[in-house]
Amino acid sequence: MEEWVGKTWHRWVTRAAEQGHPQAAVELAQVQRALGLLFRAGGGSHALRLAEAQALRHGGPRGWLQRLAGSEQRAAQAQLGPEVLALPARLDVFPDPALNRGLYLWLAALSSCWDADGAGQGGWLAANVRATARALERFPGLSQLHERLLDAHLRQRPDPDTMGADAGPERLLRQALQARGRLDGLPAAAHSLQPEALAAVWLWLQPAPAMAPMAARKEGAAPTAGSKTAQDRQRRSARRNEDSSSKQGLILMFRAESVLSWSEFVKVNRAGDDDPDSDGAAVANDMRQLDVAEGGETLASRVRFDLDLPSAAADDAPVGLPERLPEWDWKAQQLREDYCGLQRFVAARPDPWQPPPALRLLGHRMRRRLEVLRAAPRWQKGLPQGDELDLDAWVRHASETRLTGGRRSAESPPVFQQTQRQDRSLACLLMADLSLSTDACVQGEMRVIDVIRDALYVFGEALAGLGDPFEMLGFSSVKRQQVRIQQLKGFDERWGAMSRHRVGAIKPGFYTRMGAALRHATERLAERPERQRLLLLLTDGKPNDLDHYEGRWGLEDTRQAVLAARQAGLSPVCISIDEGPAEYLPYLFGQQGFVHLRRPQELVSSLPRLYARLAA
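The rules behind these values
Residues numbered from 1 in each chain as written. Predicted model: local features only at pLDDT ≥ 70, side-chain atom pairs only at ≥ 80, totals over all residues. Heavy atoms only, no water. Salt bridge = Lys/Arg side-chain N within 4 Å of Asp/Glu carboxyl O. Helix = DSSP H or I, 4+ residues; strand = E, 2+ residues; numbered from the N terminus. Buried < 20%, exposed > 50% of the residue type's maximum accessible area, 1.4 Å probe, protein only. Pairing = 2+ DSSP bridges. Axes fitted to C-alpha atoms, helices over the stretch in contact; angles between N-to-C directions. Contact = heavy atoms within 4.5 Å. Left-handed = near helix turned anticlockwise from the far one by under 90°. Nonpolar A, V, L, I, M, F, W, Y, C, P; charged D, E, K, R; others polar. Phe/Tyr/Trp six-rings, centres within 6.5 Å; stacked < 30°, edge-to-face > 60°.

Caption draft 1: Focus on the pattern of salt bridges. One pass over the full model with this rule turns up 21 salt bridges. Its salt-bridge partner being D161, residue R171 comes within 3.1 Å of it at the nearest N-O pair. Here the residue R171 occupies a position in helix α7 (residues 167-177), and D161 occupies one in the loop between α6 (143-156) and α7, the gap between them amounting to 10 residues. You can call D161 exposed: its relative accessible area is 61%. With a closest N to O distance of 2.8 Å, D450 and R453 form a salt bridge. Note that D450 and R453 are positioned in helix α12 (residues 448-466) at a spacing of 3 residues, about one turn of the helix. The exposure class assigned to D450 is buried, which follows from its relative accessible area of 17%.

Below, the structure is given as structure tokens:
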């Protein structure tokens with residue numbers, strides 16, 4: 001009864017103390033697409049991901065009801081870091097929904113004009129004033145919206161005349177908000193203002209602190225596969241710390257395990273290391289800053305996974321000599337030559353693998369479907385004589401004739417088309433992600449690696465009937481010196497029993513250094529004489545590795561590898577089977593350079609169809 005009364009009182013007093021406008025609330029998901037377009041149109045980086053902002057502590061006066069409820073001390077405010085733009089998941093600051101939506105747009109425009117290099121000059125206030133001036137200059141159409149937002153925000157801010165001795169910082173802030181981007185004329189004391197001492201400033205950004213990179217992540221501390229963990233999209237502030245729990249503590253001169261207590265005889269469910277913490281997200285929300293330390297290996301990662309490289313006797317047979325490949329350093333904006341080491345492997349004696357009957361039937365059906373492409377005639381357009389009229393060519397010819405006053409450029413204009421058989425000239429290389437993340441289950445049915453295995457088999461059966469030369473490789477990595485390429489079927493090999501056995505023997509392991517794998521595939525395809533060369537990348541997530549190759553570094557390196565492939569005349573296309581949102585794909589491969597399958601089970605039948613569409 002006491003617990004019920006306490007929860008009821010907490011809900012009532014918290015709702016009564018809220019100062020928002022729930023009836024005018026606007027969700028981030030409703031405007032996320034528009035925010036991304038506006039942010040990138042203003043010059044914002046395509047590699048920044050959009051996340052939900054963490055509630056930050058702020059100052060300012062509170063009423064007696066807020067003090068009674070213990071609320072209005074924290075608010076989710078916009079934060080900008082080197083890799084993340086964090087915006088509030090829900091805005092109900094103003095009573096007008098149009099103003100709340102306009103606040104989202106203004107924050108996106110302000111973020112695109114933020115100068116990260118000059119943010120330290122003059123402090124938080126000066127950085128926001130300069131960004132405001134650039135945003136108003138770059139987006140003149142937002143000037144009226146900014147005026148309305150500023151007027152509404154100033155009306156809801158604390159009145160300095162009622163704050164007594166604490167009115168000084170609020171007056172300085174109001175002066176800076178109304179400065180319209182001009183720093184001259186502001187008192188020197190205004191530059192020392194900190195957001196923690198003021199009421200929430202909704203029109204400005206909070207610079208998110210950049211986390212120092214982990215020096216060396218332990219190879220055994222991998223995320224547990226087998227099931228996908230629910231993702232929390234909220235961005236939280238964190239710092240690196242050292243885990244001192246394993247250090248030597250006080251030496252006891254007696255056997256402490258011999259001391260029993262009454263709790264040893266009580267039958268309770270004591271939590272273990274692997275027990276999920278259902279309230280972990282709520283606890284993280286209540287913390288101002290998270291401490292991230294190395295160590296803390298879970299039981300599942302100790303028992304199920306061993307990320308050490310296998311010995312030479314147990315490993316697959318290497319093919320050829322090791323290769324050296326470059327990698328893009330996005331911080332220095334230059335390509336590091338000979339930075340990665342790559343080695344090709346092949347399963348010397350794979351176990352015989354027999355696909356199930358249903359999979360063999362699907363492979364036979366896809367093979368028959370793609371065989372039609374080999375014999376199908378193609379339209380040759382722009383001919384002076386032909387079987388049918390080419391409407392596009394006729395429209396162009398009619399327009400040119402009208403512009404030139406009726407003068408014809410030729411007696412027989414090339415406005416016809418006819419069908420004729422053409423020799424196909426197309427080579428394809430399929431690169432499959434074999435990292436440890438593919439050991440996860442797909443909606444509790446089967447593993448991602450099993451879906452990839454079935455898709456590779458059907459793809460091989462289909463292309464073997466089509467007759468186009470193709471190669472199938474798998475890739476994984478353990479830091480930059482151990483990029484592993486698994487050869488499943490080479491250009492000079494026939495699709496047969498050995499290739500099928502290699503496909504059946506694939507297994508997940510290690511990490512995803514995507515840029516190096518793409519560069520190796522580019523070199524392989526660049527040697528082919530065919531007119532059209534198609535590079536297919538099959539993956540289930542972002543690029544990442546044990547060292548610094550995560551986040552922005554991995555994305556930028558992969559993007560540079562894709563650009564290099566296009567410059568070499570290749571057609572790179574990514575097939576993503578990531579069940580979560582994949583906002584990073586357009587930045588890496590372009591709007592037309594990827595296919596996102598939210599149901600990985602569809603990959604088996606979708607991969608041959610995608611190839612048929614690309615090869616047509």
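Caption draft 2: Quick look at the sheet that holds strand β22 (residues 571-576). The strand order β11-β12-β20-β19-β16-β21-β22-β23 describes an open sheet built from 8 strands, whose pairing is mixed. Each having just a single partner strand, β11 (317-329) and β23 (594-596) make up the two edges of the open sheet. Pairwise comparison of adjacent strand axes, ignoring direction, gives a mean angle of 25 degrees for this sheet. In this structure, β22 lies alongside β23, joined through 3 bridges in parallel fashion. Across the sheet, the residue bridging to S576 is H596, located in β23. Strand contacts of helix α15 (residues 552-567): β11, β12 (334-346) and β22, with the helix running at about 105 degrees to β11, the strand carrying the most contacts. The sheet contacts of helix α17 (residues 603-615) involve β16 (426-433), β21 (532-539), β22 and β23, and relative to β21 the element is tilted by about 160 degrees.

Caption draft 3: Geometry of the packing of helix α2 (residues 28-41) against helix α4 (residues 97-112). Where α2 meets α4, the axes come as close as 9 Å, and the angle between the chain directions of the two elements is 30 degrees. As for how α2 packs across α4, the hand of that crossing is right-handed. Across from L28, V31, A34, L35, L38 and F39 in α2, the residues of α4 making contact are R101, Y104, L105, A108, A109, S111 and S112. Looking at the contact of α2 with α4, its residues break down into 10 nonpolar, 2 polar and 1 charged.

Caption draft 4: Representation of the packing of aromatic side chains. On inspection of all chains with the given rule, the structure shows 5 aromatic pairs. Look at W353 and Y457: their rings are 5.7 Å apart centre to centre, the planes differ by 80 degrees, and that puts the pair in the edge-to-face class. A residue pair is termed long-range when its members are at least 10 positions apart, and W353 in the loop between β12 and α10 (357-375) and Y457 in helix α12 qualify at 104 residues. With relative accessibility at 5%, the residue Y457 sits in the buried group. Ring centres of F459 and Y611 lie 5.8 Å apart, and the angle between their planes is 90 degrees; on these two criteria the pair is classed as edge-to-face. One end of the pair, F459, is in helix α12; the other, Y611, is in helix α17, and 152 residues separate them in sequence. Assessed through its relative accessible area of 0%, F459 is described here as buried. Residue class for Y611 comes out buried when judged on its relative accessible area of 0%.

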